[in-house]
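Here's the letter readout for the chains.
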Amino acid sequence: MSDLHEELRDNVRMLGECLGQTIAKHRGQDFLDRIESIRQLSKSGRSDTDSDHSELLAALSSLSEDEVLPVARAFTQFLNLANIAEEHHKARQHTEFCNLDSDESYAQLVKQLLAQGIPSEQIINTLVQMDVDLVLTAHPTEVNRRTLIQKYDAITDCLRALDRDESQYHRLQELISQVWHTNEIRKIRPTPLDEAKWGFTVIENSLWEAVPKFLKHLDSQTRALLKQPLPLHCAPVRFSSWMGGDRDGNPNVTSTITREVLNLSRWMAADLYLRDIDALRAELSMHQCSAALRDRVGDEAEPYRAILGELRDQLKATQRWLEADLNQQPHDTQCPISSSEQLLEPLLLCHQSLLDCGMDIIAEGPLEDTIRRVACFGVTLTKLDIRQSSDRHAQVFEELSQFYGLGSYSAWTEEGRQAFLIKELQSQRPLIPHHWTPSDDVQEVLDTCRVVAQADPASLGSYVISMAGQPSDVLSVILLLKEMGITHNMRVVPLFETLADLDNARSCIDSLLSLPWYKQYTQGHQEVMIGYSDSSKDAGQLAAVWGQYRAQEALTALCQQHQTRLTLFHGRGGTVGRGGGPSHTAILAQPPGSVDRSIRVTEQGEMIRFKFGIPDLAVRSLELYAGAVLKASLAPAPAPLDHWRDAMDTLAAAGLQSYRGIVREDPQFVPYFRAVTPEQELTKLPLGSRPAKRKASGGVESLRAIPWIFAWTQIRLMLPAWLGSDTALQGAAAQNKLALLQEMYSQWPFFASYVDMLEMVLAKTDTSISAYYESRLVSEELKVLGSSLRARRDSAIEMVLKIKDQQQLLNAHPNIRQSIEVRNPYIDPLHFLQAELLHRDRNQPDQRLEQALMVTMAGISAGMRNTG
Ligand code: PGA
């Protein structure tokens with residue numbers, strides 16, 4: 001194998017040189033020399049552990065107001081280019097992995113399962129029944145503009161071409177120059193429609209190619225190892241979306257938007273299939289065909305082209321129908337192509353005919369790819385989930401109960417609400433009066449339910465209720481959908497996202513499934529969503545992960561008792577503080593039985609780009625997901641031993657107390673957070689269509705998890721991801737339980753994954769950087785809190801090192817450590833500049849400085865490889 005690291009370094013160097021040349025051309029060699037000297041000072045500051053960075057700080061403070069922005073941009077763009085080189089390197093490694101049959105490959109996994117005595121029939125059946133639903137969301141964690149992402153993708157293409165020894169240097173320079181001359185910060189916020197279109201672009205540019213490639217690879221491995229093909233209808237991974245459907249705390253997602261997005265998604269699907277069909281018509285010029293196909297097309301000379309021509313016409317008619325529907329113009333009641341079966345029928349007919357006529361090699365080409373796409377994307381591309389907060393539904397019933405003179409719904413007991421809702425659910429007469437004028441907020445909820453009720457069930461995923469806690473939260477949504485005339489039993493899914501709600505999840509679902517009406521409604525399938533970010537924000541990482549684990553375990557057992565199939569929907573963010581981390585490790589760490597072939601997981605913002613942005617990476621990510629779910633279904637992690645469980649109870653209780661002791665109870669905490677982090681300024685970054693807070697007027701408690709983590713990441717304290725873990729782990733060690741922690745680490749995947757993620761996040765912290773922010777931005781009386789927090793971060797590191805019995809963080813991941821170390825000289829100037837800009841901007845706001853401030857935020861996120 002060639003030296004891949006050398007190749008990565010070469011690429012980073014080459015891209016950096018191109019950027020340097022562009023900067024020199026635009027701003028002159030002197031300016032480039034200044035940037036280089038800042039980089040050198042930053043580098044020497046890093047290598048001298050006692051350095052106070054005074055030279056670097058002096059160089060930065062000598063920059064004029066007009067120079068600050070281009071300096072920030074230079075470092076930011078370098079970090080973006082380094083990311084591109086790294087992604088490309090990973091994709092290249094993937095190709096080698098496949099060839100080398102690495103430990104992580106699907107083939108290796110199947111061999112392991114066979115070696116464990118699992119019959120091949122069971123493996124293939126599990127694969128066929130598998131339902132991994134990746135839910136793409138518009139969470140505002142993508143700091144890069146779409147237009148820049150497109151240029152970055154083109155740069156990746158150049159790197160690929162360079163690997164094939166094609167000359168691309170000129171094109172690279174052109175692209176990097178385009179990047180340099182483009183603003184990195186959007187001027188206006190994207191609309192929800194823009195966000196949905198961005199999601200479709202990911203499918204168009206990457207997943208459309210990646211999915212058949214992934215399935216083809218699975219098929220060839222399955223044939224080789226299990227002696228059976230992967231059936232053509234088998235789609236172990238599918239996609240849903242929240243883009244244009246998630247209205248929780250986002251007033252910009254209206255019922256009109258949802259209707260438009262539902263329509264657009266089908267239009268886009270038709271468009272992509274049209275391109276496939278055109279390409280197939282060009283290729284399938286054969287004349288020999290089966291009797292079945294001949295019967296269908298009559299004496300056409302080119303039967304495949306003839307039948308595909310019909311399909312093409314129908315797809316075009318479908319697009320016209322959708323356009324008319326969107327513009328509320330007259331059209332037939334029935335859309336020409338409204339089901340996957342309609343698409344599949346002619347394709348399968350061609351496929352079978354080619355096989356029958358001995359043209360297997362042609363059947364298995366692009367035609368099979370299209371058939372596999374239909375299995376995965378259907379006619380709707382993705383299924384759209386709806387999400388709304390429980391209090392918005394309660395508000396409908398509050399206004400209704402007042403209107404009917406029934407008192408106040410919110411003042412009723414939970415039993416009272418349930419009894420009312422169940423009675424109305426069984427009633428034949430409508431509940432919502434025609435002549436009623438509710439508040440605008442209530443009207444919007446009703447309008448959304450109407451759009452959902454009128455939509456084709458095939459285009460819908462689940463209706464998710466955020467901040468759900470009680471059975472009435474679920475029943476109320478089912479009733480609203482019924483009132484609006486829904487004709488199918490849509491999955492209505494509670495999202496449990498505080499520690500208290502996670503603890504209560506079992507009892508809530510038990511009460512629901514014990515209601516005969518509800519049990520029948522579920523048709524034997526219950527979906528529950530677990531909120532990772534908000535529970536971590538509420539309780540601290542340690543107590544939250546244990547709360548999530550216990551809730552899943554309890555729900556798994558409960559649903560078995562109720563003979564109901566459970567699908568757990570994991571609402572994970574990209575960063576550790578929001579439940580992020582390598583997906584396959586996370587899946588393998590779930591409680592036994594909880595991943596039984598089906599799973600839903602959110603994929604958000606920048607993570608969509610990192611995992612699925614280019615086809616080769618997407619193939620790799622899909623394979624990792626499929627492999628992990630297959631393994632977790634057939635050979636799940638062992639159940640924890642009782643004394644591990646006891647230890648976790650104690651650790652979680654200590655972590656909770658310690659976390660809340662600071663975040664909720666220390667009166668200095670909120671002022672410190674507001675002063676030391678750019679939390680307030682982050683709201684100006686127009687990353688997504690939704691506001692940073694659930695309630696415009698709220699304090700830290702109403703701040704969403706993303707800006708909460710984002711703010712701590714910018715100053716490199718990453719507090720939410722470790723606060724509480726430090727004291728809890730130390731407490732255990734003080735009671736001579738270090739050996740027990742080590743035992744849990746080595747034998748229990750759940751605990752190992754928690755410690756590994758803690759290690760990962762701690763490796764990204766840098767207390768000298770956080771201390772610098774403090775020195776510039778925090779008043780004297782709050783500094784005591786800062787130094788105690790930094791000391792606590794040190795003790796968290798000490799505990800991780802003890803548990804893992806190692807001398808330094810990321811011992812087992814030298815690549816990640818190296819990647820952080822290599823980036824530091826580029827990120828440090830951005831931190832110092834940011835602290836300075838925050839200081840200046842808070843005293844005297846200035847547009848130019850604000851722009852530079854936003855660029856530093858984007859640059860630090862690029863350097864950290866995530867926002868929040
Ligand atoms: P939410 O997501 O704020 O939309 O619930 C939180 C997250 O993804 O971290």
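It should be emphasised that the depicted structure is a prediction, and the values quoted were computed from it without experimental measurement.

(A) Highlighting the overall build of the chain. Within the chain one finds 37 helices and eight strands. Against the compact-globule benchmark of 29 Å for 868 residues, the chain has a radius of gyration of 28 Å, which places it among compact chains. C-alpha extents for the chain along the principal axes are approximately 85 × 75 × 60 Å. Looking at the chain as a whole, 61% of its 868 residues qualify as buried. Roughly 33400 Å² of accessible area belongs to the chain as shown, and the carbon and sulfur atoms make up 51% of that amount. Averaging the positions of the 88 positive and the 112 negative side-chain charges in the chain gives two centres separated by 1 Å.

(B) Molecular detail of the site of the ligand. Around the ligand, the structure places His-139, Arg-387, Glu-497, Ser-533, Asp-534, Arg-578, Gln-604, Arg-690, Arg-694, Arg-704, Ala-705 and Ile-706. A distance of 2.6 Å separates an oxygen atom of the ligand from a polar side-chain atom of Arg-387. Here an oxygen atom of the ligand and a side-chain polar atom of Asp-534 are 3.4 Å apart. About the coverage of the ligand: the protein hides 95% of its 280 Å² of free accessible area. Taken together, the elements giving at least two residues each to the shell around the ligand come down to helix H21 (532-539) and helix H29 (705-714). For the shell around the ligand, the per-class residue count stands at two nonpolar, three polar and seven charged.

(C) Molecular detail of the domain arrangement of the chain. Segmenting the chain into domains produces domain 1 (259-377) and domain 2 (641-862). Summarising the inter-unit geometry, the C-alpha centres of domain 1 and domain 2 are found 52 Å apart.

(D) Seen up close, the UniProt feature "active site" (unreviewed entry) in the chain. Here the UniProt-annotated "active site" (unreviewed entry) positions come out as His-139 and Lys-537. Of the annotated positions mentioned, Lys-537 line the second largest pocket. Within the secondary structure layout, His-139 lies in the loop between strand E1 (131-137) and helix H7 (146-163). Leave out the neighbours within four places in its chain, and His-139 touches Trp-242, Asp-246, Arg-387, Gln-604, Gly-605, Arg-690 and Ile-706. In this structure Lys-537 touches Tyr-659, Val-700, Glu-701, Leu-703, Ala-705 and Trp-708, once residues within four positions along its chain are discounted.

(E) Molecular detail of helix H25 (residues 615-634). The first and last C-alpha atoms of H25 sit 28 Å apart over 20 residues, in line with the 28 Å expected at 1.5 Å per residue. Taking burial as the measure, the 20 residues of H25 include 18 buried ones, the bulk of the element.

(F) Structural view of the state of the cysteines. Applying the stated criterion across every chain yields a total of zero disulfides. Distance from the sulfur of Cys-289, which forms no disulfide, to the nearest cysteine sulfur (Cys-357) is 6.3 Å. Free cysteine: Cys-449, not disulfide-bonded; nearest cysteine sulfur from Cys-508 at 18 Å.

(G) Local environment of the pattern of salt bridges. Under the counting rule described, the total for this entry stands at 60 salt bridges. Across the salt bridge formed by Asp-596 and Arg-597, the nearest N and O atoms sit 3.0 Å from each other. Here Asp-794 ties to Arg-793 by a salt bridge, and the two come within 2.6 Å at their closest N and O atoms. Taken together, the shared-partner salt bridges in this structure form one network comprising Glu-65, Asp-66, Arg-776, Glu-836, Arg-840, Asp-846 and Arg-848.

(H) Broad picture of the sheet that holds strand E3 (residues 383-389). Around the barrel, eight strands lie side by side as E1-E2-E3-E4-E5-E6-E7-E8; this closed barrel has parallel pairing. Between one strand axis and the next, the sheet turns by 25° as a mean value, whatever way the strands run. Two strands pair when backbone bridges link them, and strand E4 (residues 460-466) and strand E5 (residues 491-496) are joined in this way by four bridges, in the parallel orientation. Paired with Ile-465 across the strands is Pro-494, a residue of E5. Along the sheet, helix H19 (residues 499-513) makes contact with E5 and strand E6 (525-531), crossing E5 at roughly 155°.

(I) Expanded view of empty space enclosed by the protein. Summed over the entire model, instances satisfying the criterion amount to eleven cavities of 30 Å³ or more. Its volume calculated, the largest cavity comes out at about 320 Å³. Lining the largest cavity are 24 residues, and of these Tyr-532, Val-545, Gln-548, Arg-572 and Ser-753 lie nearest its centre. Among the elements of the structure, H21, helix H22 (541-561), helix H23 (583-588) and helix H33 (749-764) are those that each provide at least two residues to the lining of the largest cavity. A breakdown of the residues in the lining of the largest cavity according to their chemical character gives 13 nonpolar, ten polar and one charged.

(J) Representation of the packing of aromatic side chains. Taken as a whole, this structure holds 30 aromatic pairs when the rule is applied. Seen in terms of ring centroids, Trp-412 and Phe-420 are 5.2 Å apart; in terms of plane orientation they differ by 70°. Their pairing is edge-to-face. Pairing Phe-669 with Phe-673 gives two aromatic rings, centres 6.4 Å apart and planes at 5°, and the pair type is stacked. Of the two residues, Phe-669 and Phe-673 are both situated in helix H27 (residues 669-676); the distance of four residues between them amounts to about one turn of the helix. In this structure an aromatic cluster arises from ring pairing among Trp-208, Phe-239, Tyr-273, Phe-377 and Phe-612. Taking the ring centre of Trp-180 as reference, the NZ or CZ of Arg-73 above it sits at 4.5 Å.

(K) Structural view of the nonpolar core. In terms of nonpolar packing, the biggest core is built from 145 residues, with Phe-239, Phe-377 and Phe-397 touching the most fellow members. When residues in this core are grouped by element, the largest group, 14 residues, is from helix H9 (residues 192-226). In this view, Phe-377 contacts Ile-203, Leu-207, Trp-208, Val-211, Phe-239 and Tyr-273; residues no more than four positions away in its chain are not counted. Counting residues in hydrophobic clusters, the runner-up holds 134 residues, among them Ile-35, Ala-85, Leu-499 and Ile-803.

(L) Representation of the packing of helix H15 (residues 390-403) against helix H18 (residues 471-483) in the model. Running from N to C, H15 and H18 point in directions that differ by 60°, and their axes come no closer than 10 Å. For the pair H15 and H18, the sense of crossing is left-handed. Where H15 abuts H18, its residues Ser-390, His-393, Val-396 and Phe-397 lie against Asp-473, Ser-476, Val-477, Leu-479 and Leu-480.

Definitions and limits used
Residues numbered from 1 in each chain as written. Predicted model: local features only at pLDDT ≥ 70, side-chain atom pairs only at ≥ 80, totals over all residues. Heavy atoms only, no water. Helix = DSSP H or I, 4+ residues; strand = E, 2+ residues; numbered from the N terminus. Rg over C-alpha atoms; globule rule 2.2 N^0.38 Å. Buried < 20%, exposed > 50% of the residue type's maximum accessible area, 1.4 Å probe, protein only. Areas by Shrake-Rupley, 256 points an atom, 1.4 Å probe, with all protein chains shown as cover. Lys, Arg positive; Asp, Glu negative; His and termini not counted. Charge placed at Lys NZ, Arg CZ, Asp CG, Glu CD. Near = heavy atom within 4 Å. Polar contact = N/O pair within 3.5 Å; in protein donor to acceptor, adjacent residues only side chain to side chain. Nonpolar A, V, L, I, M, F, W, Y, C, P; charged D, E, K, R; others polar. Domains from an automatic or database assignment. UniProt positions renumbered as here; feature names shortened; annotations may be inferred. 1 Å grid on protein atoms, 1.4 Å probe; cavity = no way out; pocket = protein on both sides within 12 Å on 5 of 7 lines; lining within 4 Å. Contact = heavy atoms within 4.5 Å. Expected span 1.5 Å × (residues − 1). Disulfide = S-S within 2.5 Å. Salt bridge = Lys/Arg side-chain N within 4 Å of Asp/Glu carboxyl O. Pairing = 2+ DSSP bridges. Axes fitted to C-alpha atoms, helices over the stretch in contact; angles between N-to-C directions. Points joined across faces, edges and corners; volume = space filled by probe spheres on them. Phe/Tyr/Trp six-rings, centres within 6.5 Å; stacked < 30°, edge-to-face > 60°. Lys NZ or Arg CZ within 6 Å of the ring centre and 35° of its normal. Core = buried A, V, L, I, M, F, W, Y, C linked by side-chain atoms within 4.5 Å. Left-handed = near helix turned anticlockwise from the far one by under 90°.

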